[in-house]
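Commentary on secondary and tertiary structure
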Amino acid sequence: MNATPPQPPRSAALQRMLERGYFEQASDFQAIDAAMDSGMVTFYVGYDPTAASLHVGHLVQIMGMRALQRAGHRPIVIIGGGTGMIGDPSGKMEARKLLTRDDVAANAAAIKTQLGRFLHFDSGRPNDAVLLDNGDWLLELKYIEFLRDVGRHFTVNRMIAVKTYRDRLDAEIPLSFLEFNYQLFQAYDFLHLFRHHGCTLQFGGSDQWGNMVAGIELIRRMTPEGQPNAAHCLTLPLLLTTDGRKMGKTERGAVWLDPERLTPFEYYQFWIGCDDRDVARMLRTFTDVPVAEIEALTAEGGAALKAAKVRLAYEATALLHGLDHATQAKQASEQAFGSSDDWSAVPLVTVPGPEIRLVDLVTHPEIEAFKSKREARERIGAGAVKLNGEPVTDPAHPVTPAAAGDQGVRLQAGKKCRFRVVFG
């Protein structure tokens, strides 16, 4: 296993992976490099469809997939219709909610749409991405035969040594037998893809290392002697911000990729609000801006670094939502956080009339400026909320259509929340 590359890679794919920060460790770096240098490699990444949207925490993997596909390699995206009905215990201290087949189908369709912003699926090119549901093969398995054919290659001793399981056991938190099966099924996924789709590389987050290695070993053990059995895995780092927070987590929760859950304007604000110390790394990881240009953009602080943040926010938003939405988000940001009375590009929220209390407005489901009404009352009383540019300190203050100009009521809540409010 290679935690660091033993030598500079020959393949353009791994050169870019290293350059952009998409590499943590590999089962055999030189073998993966040689395979990628000699032709198209088929690799896979798996997602349990626990929601109808991915979030920013998935973006390192997505950008890594994109880099490999742009270098000529073929991604297979696995939607865990089978494994998702069990729940991956990795990084979790409690069992996950079990999904129905209808849940999986709906979530898979939404996820494919989001990934289609970064990958090409149906263009007719040889390395088009493919989306598969592992429920198509896992749900057809006969359990006794599965245990006899696959389960015999796993030892409980080794499985409980995997960090995922060990953390739960050390914390004396129940680990169900259902969850304990997860590693077997993920390993079987790799075997199935190896046999039926020519997939030789599993690609994913660092928390999946134990499951990935199990897949490699299962392929080696179940491939008849004399037949090729070269399978490998490569992990990407878990990206933390400089202050130690998990990437993609904010006070308001996950930073979703679905514009129905998080508007392009809010997505843009997430990026522009990053810590100064993270700007260069995020530009490398989450945009296509050339490295030399990134170094020039971030060489100095002050106004130059502010411009780098604007570039980061614009490029990241354009990748996910398109150039038009990125341009509008940039314009809305300049309006809402500048001195202009023109808020025409700022997101619009419609609330029921004829009036709404300020505390109810700032906690409205489409605004959620604060976590609770208790916090909202405290922040309003402290002067953290403005209507049409003027502080309002009474939580019960009635907001009415009379306060709305041509562009609605201009709402500022805290440092980042900006909306236009109209009544309907």
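- The protein chain appears in an unreviewed UniProt entry as Tyrosine--tRNA ligase from Nannocystis bainbridge.
- As recorded by UniProt, the Subcellular location (unreviewed entry) comment attached to the protein chain reads in full: "Cytoplasm".
- Comment text from UniProt for the protein chain, heading Catalytic activity (unreviewed entry), reads "tRNA(Tyr) + L-tyrosine + ATP = L-tyrosyl-tRNA(Tyr) + AMP + diphosphate + H(+)".

1. Some points on the pairing of strand 3 (residues 74-79)
- Burial analysis of strand 3 places six of its six residues in the buried class, the great majority of the element.
- Burial along strand 3 is two-sided: Arg 74, Ile 76 and Ile 78 facing one way and Pro 75, Val 77 and Ile 79 facing the other are all buried.
- In terms of strand pairing, strand 3 meets strand 4 (residues 130-133) through four bridges, oriented parallel. Bridge pairing in strand 4 links Val 77 to Leu 131.

2. Some points on the nonpolar core
- One finds Met 65 and Trp 271 to be the most contacted residues of the largest nonpolar core, which totals 62 residues.
- Among the nonpolar cores identified, the runner-up in size contains 34 residues, and Trp 137, Met 159, Val 162 and Tyr 188 belong to it.

3. Quick look at the sheet that holds strand 3
- Strand order in the open sheet formed by six strands is 1-6-5-2-3-4, and the pairing between neighbours is mixed. A single partner strand is all that each edge strand has here, and the edge strands are strand 1 (25-26) and strand 4.
- Against the sheet, helix 10 (residues 182-197) engages strand 2 (42-47), strand 3, strand 4, strand 5 (199-205) and strand 6 (232-236), with an angle of about 145 degrees to strand 5.

4. Looking at the environment of Pro 224
- Considering the arrangement of structural elements, one finds Pro 224 in the loop between helix 11 (209-222) and strand 6.
- A C-alpha to C-alpha distance of 17 Å links Pro 224 and Arg 148, two positions 76 residues apart in sequence.

5. A short note on the packing of helix 15 (residues 303-321) against helix 16 (residues 323-336)
- As a packed pair, helix 15 and helix 16 sit with axes 7 Å apart at the nearest point and diverge in direction by 145 degrees. The crossing of helix 15 and helix 16 is right-handed. Packed against helix 15, whose contacting residues are Val 310, Tyr 314, Thr 317, Ala 318 and His 321, the element helix 16 presents Leu 323, His 325, Ala 326, Thr 327 and Lys 330 at the interface.
- For the contact of helix 15 with helix 16, the class distribution of residues is five nonpolar, four polar and one charged.

6. Comments concerning the packing of aromatic side chains
- In this structure the tally under the stated criterion is eight aromatic pairs.
- Ring geometry for Phe 146 against Phe 185: centres 4.8 Å apart, planes inclined by 10 degrees, an arrangement best described as stacked. Taken together, the residues span a long stretch of sequence, with Phe 146 in helix 6 (residues 143-149) and Phe 185 in helix 10 at a distance of 39 residues. The pair Phe 146 / Phe 185 is uniform in exposure class, with both members buried.
- Residues Tyr 267 and Trp 271 carry aromatic rings whose centres are separated by 5.9 Å and whose planes lie at 75 degrees to one another, so their mutual orientation is edge-to-face. You can see Tyr 267 and its partner Trp 271 sitting in helix 12 (residues 264-272), four residues apart, about one turn around the helix.
- In this structure, Arg 261 packs its charged tip against the face of Trp 256, placed 4.5 Å from the ring centre.
- One cation-aromatic arrangement involves Arg 410 over Trp 343; the distance from NZ or CZ to the ring centre is 5.8 Å.

Reading the values: the criteria
Residues numbered from 1 in each chain as written. Predicted model: local features only at pLDDT ≥ 70, side-chain atom pairs only at ≥ 80, totals over all residues. Heavy atoms only, no water. UniProt positions renumbered as here; feature names shortened; annotations may be inferred. Buried < 20%, exposed > 50% of the residue type's maximum accessible area, 1.4 Å probe, protein only. Helix = DSSP H or I, 4+ residues; strand = E, 2+ residues; numbered from the N terminus. Pairing = 2+ DSSP bridges. Core = buried A, V, L, I, M, F, W, Y, C linked by side-chain atoms within 4.5 Å. Contact = heavy atoms within 4.5 Å. Axes fitted to C-alpha atoms, helices over the stretch in contact; angles between N-to-C directions. Left-handed = near helix turned anticlockwise from the far one by under 90°. Nonpolar A, V, L, I, M, F, W, Y, C, P; charged D, E, K, R; others polar. Phe/Tyr/Trp six-rings, centres within 6.5 Å; stacked < 30°, edge-to-face > 60°. Lys NZ or Arg CZ within 6 Å of the ring centre and 35° of its normal.

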